[in-house]
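Letter by letter, the chains look like this.
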Number of protein chains: 2
Amino acid sequence: MSYRNDPIIKIAKSVEKKTKIKTYPKVIEDIISSIKATGNFWQVVRISQRPIPVVAETVRILEKEKLIQIYDGEIKTTEEFGELFKRIPKFQFDFTCSECDGRGINIKTIGIYDEFAEIRKKAPKPVQEYDQGNITPESTIGRISLMRIRGDVAGKKIIVLGDDDLVGIALGLTRMPDEVLVLDIDKRLIDFTNDIAKERNLPVHAEVFDLREPLPKKLKAKFDVFVTDPPEAKKPFVIFIQKGIWTLKGEGCSGYIGMTLIDSSVPKWAELQSIILKSGGAITDIIRDFNKYDIWDYHQNTVAWKLAPAKSPADSIWYTSAIVRIEIVRKANVKNEKLKLKQMYVDIESTTT
Amino acid sequence: MSYRNDPIIKIAKSVEKKTKIKTYPKVIEDIISSIKATGNFWQVVRISQRPIPVVAETVRILEKEKLIQIYDGEIKTTEEFGELFKRIPKFQFDFTCSECDGRGINIKTIGIYDEFAEIRKKAPKPVQEYDQGNITPESTIGRISLMRIRGDVAGKKIIVLGDDDLVGIALGLTRMPDEVLVLDIDKRLIDFTNDIAKERNLPVHAEVFDLREPLPKKLKAKFDVFVTDPPEAKKPFVIFIQKGIWTLKGEGCSGYIGMTLIDSSVPKWAELQSIILKSGGAITDIIRDFNKYDIWDYHQNTVAWKLAPAKSPADSIWYTSAIVRIEIVRKANVKNEKLKLKQMYVDIESTTT
């Protein structure tokens, strides 16, 4: 007997119909596997790594079918749930290396962790207006350590397109890049970055810039590396990635992109990956669950919160993203386009903004 | 001053001309960074993760230009090398998490490591005739642990297309899959796998099969997961991957593919990734340096060995590959094709076979 028996197929079809997000039986299996491991809705999202609307609708159906119950915002499974899904394994966190939290990287080696963590405490807090969320300092240092391992820090010109996470400061603290340019719409972050850079004499410069606008012409083909956490609606993703590539000198240059499976489905990833390849890149790394986001203040004002059928607050880290490294392997015609406001966050799969 | 100054650009152009493999300055930088960390040619290959012919030609040019010298098969850098490339950082192994060897996975959790390692000691040794090389038992257990994390083991039907590494037995030892089918051309491996499976009552069955042939029709759309380490010449890669996908039931099914940057360049990866996407897959994970190969007996008979300008033997693990997970997101027209013998291992970038 396979899992692909009636109940799971049926749930998958209902969820797809309701959410309009492609949902195959494996998606439902992963959600069930996660519910076996935790009763907190946000942790189910984190573990299953499936889009929030899909997880929410699945939970809603399971509740309607009396396979789970929701008490005080927590999901409780019934005996029938256990019986029906007995061959779906419970997700186990203990498969992840506890030493490096699954990143595979020793973040102490680069030698700036303590200094960075101190600076970060003083940084402006994330606000919903700019779709901000902070990754943990471990995640930021993990990211620049990966960049260092791949030879993308020392002697390089690096552009950071949007920098809630102080990647620019962290890169500067290594004292290795030739130049780091940070662009962000949030004047608080820009001032903070420039103050720290001046105070510590870091090779970092930050400018207020609305990344929806085309980049200044002087930035074309000037950098070796870009770093960005693009919005994940398809059109904004394309525009962000192509702008990043547009700033690069050419072949052998690289980009570091945060990508989630919480605001995107795997089928959407296929489309986004296809865009990366068409834009002249190869994907050299995809490390899942790499960037871990602190719980943010405006969480309860998001679409995600409204969708959640089980309203227990997120009491520990639940929003994570993958780090994706691309390397430019050929010239491609990439655009430096304006992103219209209405395109920015409108996507059925993106709900945390 | 950037690294992209004359000497590196010049070397890149010469290497590309000689090897016919696309080589941009970043490739040379990575090789120089590796030479700073080790004098052993094979370790330079391992660290730089660039194709052997490219590394070999780069070393040859550096020697000709008197930037390095080769004593007793070991690479020694000159003062001029240090001066000319002073801003290229030395690669540091200590950025890798020593606990999990960079995989991000706790391989003890699955609970079969010791049993598997014992069995593996009795397995037939790799032979050149079949292009075999063994990954370490840690790598095999790492791979099936990743499969377990992604929900691709329990209750699944799994096909292993070529199995030097006893992935089939390891999967069987978890007692979780519904069925594991191993196909391999090597009767020694097939008999060994069937003997172990029978002796321990594992849900594993193995058959002698030449994977260059089209697969038997009865295997079409029968499996949830495939595992393979395809040859990396382009045509054979396409044929292997498409055969793998051809055995899968459809959307939500997955494939685990070993891919190297030692027998492939990053530009070739872009082409292979494009094939994956066109075949209906999304790439959900690329974890580099995941599979670590034991040094193999026939190494000195390979093209790679002949190419090596510095003939020190490989004294520790140097050949590594990435694990790539794909998830099927849409139906695509994949073929179950015959691979002609002459296509099998003929590719300028593939030299270790």
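## Observations concerning the interface of chain A and chain B
Right, on to step 1. At the junction of the two partners, chain A supplies 63 residues and chain B supplies 63 residues.
Right, on to step 2. Both faces considered, chain A and chain B share a buried interface measuring about 5100 Å² in area, 54% of it formed by carbon and sulfur atoms.
Right, on to step 3. Broken down residue by residue, the surface that chain A buries against chain B is led by Phe 95, Arg 148 and Arg 288 of chain A, which jointly contribute 13%.
Right, on to step 4. Along the contact surface separating chain A from chain B lie 12 salt bridges.

## Quick look at the nonpolar core
Right, on to step 1. By size, the foremost hydrophobic cluster in this structure holds 158 residues, and its most contacted members are Phe 41 of chain A together with Phe 41 of chain B.
Right, on to step 2. Not counting residues within four places of it along the chain, the set of residues in contact with Phe 41 of chain A comprises Ile 52, Val 55, Ala 56, Val 59, Ile 75, Ala 308, Pro 309 and Ala 310 of chain A.

## Topic: the packing of aromatic side chains
Right, on to step 1. Under the counting rule described, the total for this entry stands at 14 aromatic pairs over all chains.
Right, on to step 2. With centroids separated by 5.1 Å and ring planes inclined at 75 degrees, the aromatic side chains of Phe 81 of chain A and Phe 85 of chain A adopt a geometry described as edge-to-face. In terms of burial, Phe 81 of chain A and Phe 85 of chain A fall into one category: buried.
Right, on to step 3. Ring plane angle 50 degrees and centroid distance 4.7 Å describe the contact between Trp 42 of chain B and Trp 318 of chain B, whose orientation is recorded as tilted. With Trp 42 of chain B in helix 3 (residues 41–48) and Trp 318 of chain B in the loop between helix 12 (303–307) and strand 9 (320–328), this pair connects stretches of sequence that are 276 residues apart.
Right, on to step 4. In this structure Trp 42 of chain B comes out as buried when scored by relative accessible area, which is 0%.
Right, on to step 5. Here the basic side chain of Arg 103 of chain A rests over the ring of Phe 290 of chain A, its NZ or CZ set 5.6 Å away from the ring centre.

## A word on the pairing of strand 9 of chain B
Residue and element names in this part refer to chain B.
Right, on to step 1. Most of strand 9 is tucked away, with 9 of its 9 residues classed as buried.
Right, on to step 2. Pairing analysis gives 6 bridges linking strand 7 (residues 254–259) to strand 9, with the strands arranged antiparallel. Directly across from Met 259, in strand 9, lies its bridge partner Ala 322.
Right, on to step 3. Pairing geometry for strand 8 (residues 281–292) and strand 9, over 8 bridges, is antiparallel. Bridge pairing links Asp 285 to Arg 325 in strand 9.

## Quick word on the state of the cysteines
Right, on to step 1. What the rule picks out here adds up to 0 disulfides over all chains.
Right, on to step 2. Cys 100 of chain A forms no disulfide, and the closest cysteine sulfur to it belongs to Cys 100 of chain B, at a distance of 3.6 Å.

## Let's talk about the relation of the copies chain A and chain B
Right, on to step 1. Taken as rigid bodies, chain A and chain B are interconverted by a rotation of 180 degrees and an axial shift of 0.0 Å, the fit giving an RMSD of 0.0 Å. The superposition of one copy onto the other is thereby described by a two-fold rotation axis.
Right, on to step 2. Looking at chain A, 100% of its interface residues are interface residues in chain B too, so the copies touch through the same face.

## As for the side chain of Asp 165 of chain A
Residue and element names in this part refer to chain A.
Right, on to step 1. Within the secondary structure layout, Asp 165 lies in the loop between strand 3 (157–161) and helix 8 (167–173).
Right, on to step 2. Although Asp 165 lies buried, it forms no salt bridge, and the closest oppositely charged side chain, Arg 143, sits 4.9 Å away as judged by the N-O distance.
Right, on to step 3. Those residues in contact with Asp 165 that sit more than four places away from it in its chain are Phe 116, Gly 133, Asn 134, Ile 135, Thr 140 and Asp 229.

## As for helix 10 (residues 234–246) of chain A
Residues and elements named next belong to chain A.
Right, on to step 1. Its 13 residues place the ends of helix 10 18 Å apart at the C-alpha level, agreeing with the 18 Å of an ideal helix rising 1.5 Å per residue.
Right, on to step 2. Counting buried positions along helix 10 gives 11 out of 13 residues, so the element sits mostly inside the fold.
Right, on to step 3. Buried within helix 10 we find Pro 236, Phe 237, Val 238, Ile 239, Phe 240, Ile 241, Gln 242, Lys 243, Gly 244, Ile 245 and Trp 246.

## As for the pattern of salt bridges
Right, on to step 1. Under the defined criterion, the tally for this structure stands at 61 salt bridges over all chains.
Right, on to step 2. Of the charged contacts, one joins Glu 271 of chain A and Lys 234 of chain A as a salt bridge, the two residues approaching to 2.7 Å between their closest N and O atoms. Here the residue Glu 271 of chain A occupies a position in helix 11 (residues 266–278), and Lys 234 of chain A occupies one in helix 10, the gap between them amounting to 37 residues.
Right, on to step 3. Salt-bridge contacts for Lys 157 of chain B lead to Glu 179 of chain B; the nearest nitrogen and oxygen are separated by 3.4 Å. Pair noted here: Lys 157 of chain B is in strand 3 (residues 157–161) and Glu 179 of chain B is in strand 4 (residues 179–184), with a separation of 22 residues, a long-range link.

## Things to note about the packing of helix 1 (residues 6–19) of chain B against helix 4 (residues 52–64) of chain B
Residue and element names in this part refer to chain B.
Right, on to step 1. The contact between helix 1 and helix 4 brings their axes to 9 Å, and the two run at 125 degrees. Viewed along their axes, helix 1 and helix 4 adopt a mutual orientation that is oblique. Read as a crossing pair, helix 1 and helix 4 show a hand that is right-handed. Across from Ile 11, Ser 14, Val 15, Lys 18 and Thr 19 in helix 1, the residues of helix 4 making contact are Pro 53, Val 54, Glu 57, Thr 58, Ile 61 and Leu 62.
Right, on to step 2. Taken together, the residues of the contact of helix 1 with helix 4 break down into 6 nonpolar, 3 polar and 2 charged.

The rules behind each value
Residues numbered from 1 in each chain as written. Chains lettered and ligands numbered in written order. Predicted model: local features only at pLDDT ≥ 70, side-chain atom pairs only at ≥ 80, totals over all residues. Heavy atoms only, no water. Contact = heavy atoms within 4.5 Å. Buried area = accessible area lost by both parts, 1.4 Å probe. Salt bridge = Lys/Arg side-chain N within 4 Å of Asp/Glu carboxyl O. Core = buried A, V, L, I, M, F, W, Y, C linked by side-chain atoms within 4.5 Å. Buried < 20%, exposed > 50% of the residue type's maximum accessible area, 1.4 Å probe, protein only. Phe/Tyr/Trp six-rings, centres within 6.5 Å; stacked < 30°, edge-to-face > 60°. Helix = DSSP H or I, 4+ residues; strand = E, 2+ residues; numbered from the N terminus. Lys NZ or Arg CZ within 6 Å of the ring centre and 35° of its normal. Pairing = 2+ DSSP bridges. Disulfide = S-S within 2.5 Å. Least-squares fit on C-alpha atoms with pLDDT ≥ 70 in both. Lys, Arg positive; Asp, Glu negative; His and termini not counted. Expected span 1.5 Å × (residues − 1). Axes fitted to C-alpha atoms, helices over the stretch in contact; angles between N-to-C directions. Parallel < 35°, antiparallel > 145°, perpendicular 65-115°, else oblique. Left-handed = near helix turned anticlockwise from the far one by under 90°. Nonpolar A, V, L, I, M, F, W, Y, C, P; charged D, E, K, R; others polar.

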